[in-house]
Amino acid sequence: MSTSDLLSLMPLVIISGSAVIAMLLVAIKRNHRIMHAFSVLAFMAALLSLFVQPYTVPYIIAPLFVVDAFALFNTGLILVAGLSVLFLSFKYFEQREERKEEYYILLLLATVGGMVLVISQHFISLFLGLETMSISLYGLIAYLRARERSDEAGIKYLLLAALSSAFLLFGMALVYAFTGTMEFEGIGAYLKQAGTVPVTVVAGFGLMMIGVGFKLGIVPFHMWTPDIYEGAPLPVAAYIATVSKGSMLVLLMRFYRDIDGYEYTILWWVFAIIAMASMFVGNWLALLQQNVKRLLAYSSIAHMGYILIAFLAGQLAGQEAVIFYLVAYVITSIGAFGVLAILSDKIRDAELLDDFSGLFWRHPWLATVFTGMLLSLAGIPLTAGFIGKFYIIAAGVDAGLWLLLILLIVNSVIGLFYYIRIIAVMFQPLTENTPTLTRQALPFFGVFALSALMGLLIWLGVYPSTLIALIRDMMLTMG
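Notes on the structure follow. (Residues numbered from 1 in each chain as written. Predicted model: local features only at pLDDT ≥ 70, side-chain atom pairs only at ≥ 80, totals over all residues. Heavy atoms only, no water.)

Here's the deal with the side chain of S18
Now for step 1: Take S18: it is sitting in helix α2 (residues 10-28).
Now for step 2: Judged by its relative accessible area of 6%, S18 falls in the buried class.
Now for step 3: Apart from residues lying up to four places away in sequence, S18 is in contact with F38, A42 and L108. (Helix = DSSP H or I, 4+ residues; strand = E, 2+ residues; numbered from the N terminus. Buried < 20%, exposed > 50% of the residue type's maximum accessible area, 1.4 Å probe, protein only. Contact = heavy atoms within 4.5 Å.)

See the structure below:
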């Protein structure tokens, strides 16, 4: 690897190196505060390194990686999401009895996997990034071993993720066997030359879709989502909802563009059916939930369905809508899970609907933030979620996806009901029978992270043009 390669991969090098140093720190002396501070500094250093790229993008590190504006933007999004999760993690883990330091090592390694995925242009780097992230998530999900559901969630994720990885690997092998290449652009060039998609390659794409669909948590590969969200520590659930799903979505966009997937009708219909099923299944099952973590899990399935509509729109506007909605979804998901994390005590998580009864009268700031996040998820005006959904509808209208848009509107109305139900519970008056978790002082880092996320939520809802222009310029450089 040359010096220029190393410099262009500097964010990845910093996070990878930090994971190694973090292991040494734990071996020398266990200290939760030091590990947290070190991890925060590592993420900030990696973020700053994005602004000092010494070479003009796109920069190709053949054959595995490409560092272009799209990769840099999404690497930044992963780092910001990871940093937000870190801020919400300290108090959550500080009050628990388990050893806490290894959590930060696993979080750094999972972030390495996500960053590899967004710069991948080759099956090998795809699989390495995916497995690095997945193996770290096994440990993160089961981290609080004293809790009854934690081990169960970790084992479920281990078995299902291993199975989906096997399908993904088999699918990649079939595609490679027929096309003779593992580079995304090489596969696209072969298919263009062939003029049609051979049955073997279709079968390979189908098997790969199982692996990708599992990571995205879309129907019919969504079964793990509610159980994992419920059993995992809350900061980890936020991480899975944003970084894990987001990095896989970015990879899917790059792969689909490189193979020119919009030209193949069969692929379009597969994603369209998945989008419709994800919206209905996610929203209908969310309606039945009394557990807020499970409700957010089912809600995430529906949101992936919304994103797939923009993905199917195909033109520049559709791709811009995907990225804008992803940014809005990252902000709102981390904010929503962050409120739950701050309200949780050392015995159990704040997850039952009754835990939020009268929250506004006990913690008005947290209730306000949670209301803002839920309204954004519902797509209410003056929030980032509204602009994101508007962007998807505009892209769908341009592409003539009328059926999908009608279903999106119907499902948005369904989603509005269960979000409003939580808000109504928070504003209920307090009574003697109101169940409450142990009241505790709000953590500084948690309040800081939630305030920043709330500010971003409103800023993007009122003045989105800066981010839209940034995304448009980025997508234009991709061609």
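Next, the rest of the story.
Thoughts on the packing of helix α17 (residues 384-399) against helix α18 (residues 402-426)
Now for step 1: It is at 9 Å that the axes of α17 and α18 come closest, and there the two elements cross at 160°. Of the possible angle classes, the one that applies to α17 and α18 is roughly antiparallel. Crossing geometry of α17 relative to α18 is assigned as left-handed. Packed against α17, whose contacting residues are K389, I392, I393, G396 and V397, the element α18 presents W402, L405, L408 and S412 at the interface. (Axes fitted to C-alpha atoms, helices over the stretch in contact; angles between N-to-C directions. Parallel < 35°, antiparallel > 145°, perpendicular 65-115°, else oblique. Left-handed = near helix turned anticlockwise from the far one by under 90°.)

Quick look at the packing of aromatic side chains
Now for step 1: Scanning the entire structure with this criterion turns up 31 aromatic pairs.
Now for step 2: Here the aromatic rings of F178 and Y190 are separated by 6.3 Å at their centres, their planes lie at 85°, and the arrangement is edge-to-face. Residue F178 is located in helix α7 (residues 148-179), and its partner Y190 is located in helix α8 (residues 184-194); the two are separated by twelve residues in the primary sequence.
Now for step 3: Owing to a relative accessible area of 37%, F178 belongs among the partly exposed residues under this scheme.
Now for step 4: Residue Y190 is classed as partly exposed on the basis of its relative accessible area, which comes to 25%.
Now for step 5: Members of the aromatic cluster, each reached through a chain of ring pairs, are Y92, F93, Y103, Y104 and Y143. (Phe/Tyr/Trp six-rings, centres within 6.5 Å; stacked < 30°, edge-to-face > 60°.)

Remarks on α2
Now for step 1: An ideal rise of 1.5 Å per residue puts 27 Å on 19 residues; α2 measures up with 26 Å between its terminal C-alpha atoms.
Now for step 2: Listing the buried residues of α2 in full gives P11, L12, I15, S18, A19, A22 and V26. Projection of α2 onto a plane perpendicular to its axis shows the buried side chains occupying an angular sector of 125°, all on one side. α2 presents L24, A27 and I28 as exposed residues on the side facing more than 90 degrees away from its buried surface.
Now for step 3: Those residues of α2 that are buried lie in contact with α1 (3-8), α3 (32-49), α4 (69-94) and α5 (101-118). (Expected span 1.5 Å × (residues − 1). Arc of directions from axis to C-beta.)

A few points about the nonpolar core
Now for step 1: In this structure, Y103, F123, I141, Y157, F205, F356 and F370 are the most contacted members of the largest nonpolar core, which totals 183 residues.
Now for step 2: Counting residues per element, this core draws most heavily on helix α14 (residues 316-343), which supplies 19 residues.
Now for step 3: Not counting residues within four places of it along the chain, the set of residues in contact with Y157 comprises S134, L137, Y138, I141, A162, F214, K215, W224, I228 and S244. (Core = buried A, V, L, I, M, F, W, Y, C linked by side-chain atoms within 4.5 Å.)

A closer look at the environment of A394
Now for step 1: By secondary structure assignment, the location of A394 is in helix α17.
Now for step 2: A relative accessible area of 31% means that A394 is categorised as partly exposed.
Now for step 3: Between the C-alpha atom of A394 and that of N283, which follows or precedes it by 111 residues, the distance is 22 Å.

Function-wise, these values are silent; they only describe arrangement.
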